[in-house]
Every structure is written in C-alpha cells, then in structure tokens.
Amino acid sequence: MSANLAVTVLGLGPMGRALAGAFVAAGVRTTVWNRTPGRDTELVGRGALRAASAAEAVAASELTVVCVVDYDAADAVLRRPGVAEALKGRTVANLSADTPTRARDAAAWAADHGVRYLDGSIMTPVTTIGTPDGVFIYSGPKDLYDEQQSVLSALGGAHTHLGEDHGRAAAYDVALLDIFWTTMAGCAHALAVARAEGVTPGELAPFAKGIGAILPEAIEEMSQAVAEGDYSGTSNPITSSASSMKHIIATSESHGVDAGVMRAAAGQAQRVIGLGYGTDGFVRVTELIAGGLAAAEPERG
Ligand code: NDP
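Observations concerning the site of the ligand
The immediate surroundings of the ligand are formed by 21 residues, with Asn34, Arg35, Thr36, Arg39 and Ala97 found nearest. Within the backbone of valine 68, a nitrogen or oxygen atom sits 3.0 Å from an oxygen atom of the ligand. For the shell around the ligand, the secondary-structure elements that each account for two or more residues are helix H1 (14–25) and helix H4 (71–78). For the shell around the ligand, the class distribution of residues is 12 nonpolar, 7 polar and 2 charged.

A short note on the environment of alanine 190
Counting through the fold element by element, alanine 190 comes out in helix H8 (residues 168–196). When the C-alpha positions of alanine 190 and alanine 208 are compared, they lie 8.8 Å apart, and in sequence the two are 18 residues distant.

Overview of the side chain of threonine 8
Within the secondary structure, threonine 8 is located in strand E1 (residues 6–10). Within the structure, threonine 8 has its side chain in polar contact with the side chain of serine 61 (distance 2.7 Å). Discounting chain neighbours no more than four positions away, the residues touching threonine 8 are Thr31, Ala57, Val58, Ala60, Ser61, Leu63, Thr64 and Val65.

Digging into the nonpolar core
Of all hydrophobic cores here, the largest spans 32 residues; its most connected members are Leu19, Phe23, Val28, Val65, Ile122 and Ile129. Going through the elements one at a time, E1, H1, strand E4 (63–66), strand E6 (116–122), strand E7 (135–139) and helix H7 (142–152) are the ones with two or more residues in this core. Ranked by the residues each element gives to this core, the list is headed by H1, at 7 residues.

What about the pairing of E4?
Where burial is concerned, the two faces of E4 agree: the one with Leu63 and Val65 and the one with Thr64 and Val66 are both buried. As judged from the 3 bridges shared by E1 and E4, these two strands associate in the parallel manner. Across the sheet, the residue bridging to threonine 8 is threonine 64, located in E4. Across 4 bridges, the pairing between E4 and strand E5 (residues 91–94) is parallel. Bridging from a neighbouring strand, valine 66 pairs with asparagine 94 of E5.

A look at the domain arrangement of the protein
Under the domain assignment, the protein is made up of domain 1 (6–163) and domain 2 (171–289). Computed over C-alpha atoms only, the centres of domain 1 and domain 2 are separated by 36 Å. Contacts between the two partners involve 8 residues from domain 1 and, on the opposite side, 6 residues from domain 2. Together domain 1 and domain 2 conceal approximately 510 Å² of surface at their shared face, both sides included; 74% is due to carbon and sulfur atoms. Three residues stand out in domain 1 for area buried against domain 2, namely Pro100, Met123 and Leu162, and they jointly supply 62% of the buried area on that side. Counting every contact that joins domain 1 to domain 2 gives 0 salt bridges. For the pair domain 1 and domain 2, the number of links is 0 residue pairs in polar contact (both at pLDDT 80 or more).

Section: the pattern of salt bridges
Pairing between side chains of opposite charge can happen when the charged atoms of each approach one another. What the rule picks out here adds up to 11 salt bridges. Between aspartate 75 and arginine 102 there is a salt bridge whose closest N-O contact spans 3.0 Å. Taken together, the residues aspartate 75 in helix H4 and arginine 102 in helix H6 (residues 100–112) connect sequence positions 27 residues apart. Residue classification places aspartate 75 among the buried residues on the basis of a relative accessible area of 17%. When the shortest N-O distance is used, the salt bridge between glutamate 147 and arginine 116 registers 2.4 Å. Taken together, the residues span a long stretch of sequence, with glutamate 147 in helix H7 and arginine 116 in strand E6 at a distance of 31 residues. Under the relative-accessibility criterion, glutamate 147 is labelled partly exposed at 41%.

Cut-offs applied
- Along each chain, residues carry numbers from 1 onward, in the same order as the chain's sequence is written.
- With pLDDT at 70 or above as the cut-off, local features in this predicted model cover only qualifying residues; side-chain atom pairs require 80 or more to be listed or tallied, and sums for whole chains, interfaces and linings still use all residues.
- Side-chain numbers come from the whole structure's heavy atoms, not from hydrogens or water.
- Note on terminology: near, applied to a residue and a molecule or strand, indicates that one of the residue's heavy atoms is within 4 Å of it.
- N or O atoms within 3.5 Å of each other form a polar contact, as long as, within protein, one can give a hydrogen and the other can take it, and as long as residues adjacent in sequence are counted only when both atoms are side-chain atoms.
- Numbering of helices and strands starts at the N terminus; helices are DSSP runs of H or I of at least 4 residues and strands are runs of E of at least 2.
- The residue classification treats Ala, Val, Leu, Ile, Met, Phe, Trp, Tyr, Cys and Pro as nonpolar and Asp, Glu, Lys and Arg as charged. All others, Gly included, are polar.
- Whether two residues touch is decided by their heavy atoms; if any such pair falls within 4.5 Å, the residues are in contact.
- Grouping buried Ala, Val, Leu, Ile, Met, Phe, Trp, Tyr and Cys residues that are joined through side-chain atoms within 4.5 Å yields what is termed a nonpolar core.
- Under the scheme applied here, a residue whose accessible area is under 20% of the maximum for its type counts as buried, over 50% as exposed, and between as partly exposed, the area being computed with a 1.4 Å probe on protein chains only.
- Should DSSP find at least two bridges between two strands, the strands are taken to pair.
- Residue ranges for the domains trace back to a domain assignment, done automatically or taken from a database.
- Reported buried area values correspond to the accessible surface (1.4 Å probe) lost by two parts on association, with both partners' losses combined.
- Any Lys or Arg side-chain nitrogen located within 4 Å of an Asp or Glu carboxyl oxygen qualifies as a salt bridge.

Written out as structure tokens, the structure is:
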C-alpha cells in the first residue's frame, strides 16, 4: 500500500479503532480523533497520528472516515467548530449505522457545506476488519466511491457500491440487521428454554448450528417467493408453522421463560391463517405485516 495514501478516522470505539488499525497496518497515513481522549494510545503507538481536534483531524487527509454510534453522534462530530469549513472540498465516508433517512439527511448537509459524501455500513464484526472476511457496503456518487477505493480497500474484505441514493447502504443495513437481531433474539430464547429443560448450552450448540445452516436455503426460497408473489406452502403450510410455534410457547411459559418474541411471530401466523391463507407458506407473513393482505376468497380455506 502506498505511503502517499492518507485517511482520517473520527470515532475510536471498537469499530473505529479496528478501522484505524487496519489503515495503519496497510501503510496508510492515518490521523485519528475521538470525542473522549485517550482511546488512541495503542493506535498512536503503532504509528497513527493524533489530532488535537476534529477540525485538525479532517484537515490532515482528503478522506475522512466517520465511525460513531449513530448519526446524532456523527452530526455532533461533523458540526463541531471548524469541521465543516475544514471539510469543504474533501470527502467524508460515514460508516456509522443509522436509518436511510438519516443517511440522506447527512448527505444533504454535506452538499450544503461543499463536502463530498459517501454513506456506508459495515456488515461484519470488528474481528473481520483488515481481513478478507470484512463486508463493507456504500452508497452515493459512484465516481466518488471509485476515487476513494484505493484508500478504502486497505480495510481488506469485500467492498460493494449499491447505488447513488445515499440511503441505499443504510436500507440494506437495517434489512440485514433485522435478520441478525431477530435471529439473536431466537438464540437467546432457545438457550433459556433449553436450559430450563436441562439441556446445556454445550449440548444444544451443535444442533443450533445445524438450524443456522438451513437458513441460506430458506432465505433463497423466501426471497424468490416474495419476488414472484408465489406464497404456496405445499411442503410446509403456515398451519404447520403455527403449530410448531405453539409448542415452543407452551414449553417456554411452563418454565416461566418469557416467550414474547415467539408470541409475536405466532400471532402473525395466526392472523394469516385467520384471513384464509392457511395452506400458504410462512412467507405470506411478509404481505400481512406490510399491510397488503386482504381476506382470501372463501374457497381457499
Ligand atoms: P459504538 O457504537 O459504541 O460507538 C462508539 C463511538 O461513538 C465512540 O467513538 C464514541 O465516542 C462515539 N460517540 C458516541 N456518542 C457520541 C457523541 N454524542 N458525540 C461524538 N461521539 C460519540 O461502538 P463501535 O465502535 O463498535 O461502533 C461504531 C459504529 O460501527 C456503530 O454505528 C456500529 O453500529 C457500527 N458497527 C459496529 C460493529 C461492531 O462489531 N462493533 C459491526 C458493524 C458495524 P466516545 O469514546 O467519546 O464515547
């Protein structure tokens, strides 16, 4: 990696530190700043440059990567005295997570201040940064993305530009994290129910991973069903799904384990059945929760 490349990283939480560390390791001249001082000690020891203020930090590089908890925090950093002025004509890649609307608002602010702006999301944990396993998604002007690839690729992993609409990376991010967090909620509940039944986490884990291995195919099938509007549930009707969920809720609540998440999912399945779509697959829930499911014609059963 060329020593002529330079980047500024604003935000030194676990992810910001991982990003800055990967840039340093790749030989990129890396200037760092964080709201709370002291988080840069290890990075500076490895060769990062400490800036005394956010304005000084952004003035040090053509590209500034922002990675803080959310866009309230990102706004607070970017609107510090002198920062917008120092950023004029330079580029910000905001890799903090938030909603598509906040991403578009941030892009509008940047445009108003003459700042070139890319939005992005990081889809993998800190341990993947600087390795081939990292996944980074971006949206905003394609030419700007291409221009900054020489620096951003120092982070390793896969980098994908998803479109010019600045909200698009965040749209992917919230949809993908929706899958992640509901799965995590399911895992937490499964571990609690299993333990209540005398099954240890170590005993359950190999089988739990087997369930995880089913998901890629299920995602493929569900995506295709929604894309094609074909909800037929010949191999697994939603009545069967609802029955399975009932067993989970009964077991959970018999041990006093809160089954709220499963109750919510079971309630959606029951509503689909109640509207007359009992022979369809679970994926019909997508239409229900989007508000587009009218009662079926009577002959559907
Ligand atoms: P956090 O989400 O906890 O963010 C911590 C950073 O945000 C610190 O630099 C903190 O500064 C800063 N911050 C918080 N509030 C403010 C504020 N009001 N003004 C200025 N700075 C503020 O930790 P991470 O570093 O892990 O995450 C950063 C981003 O990366 C998040 O959006 C997260 O969703 C995303 N991400 C993280 C992953 C991970 O594995 N950790 C994986 C994928 C994405 P201070 O030190 O001063 O408190």
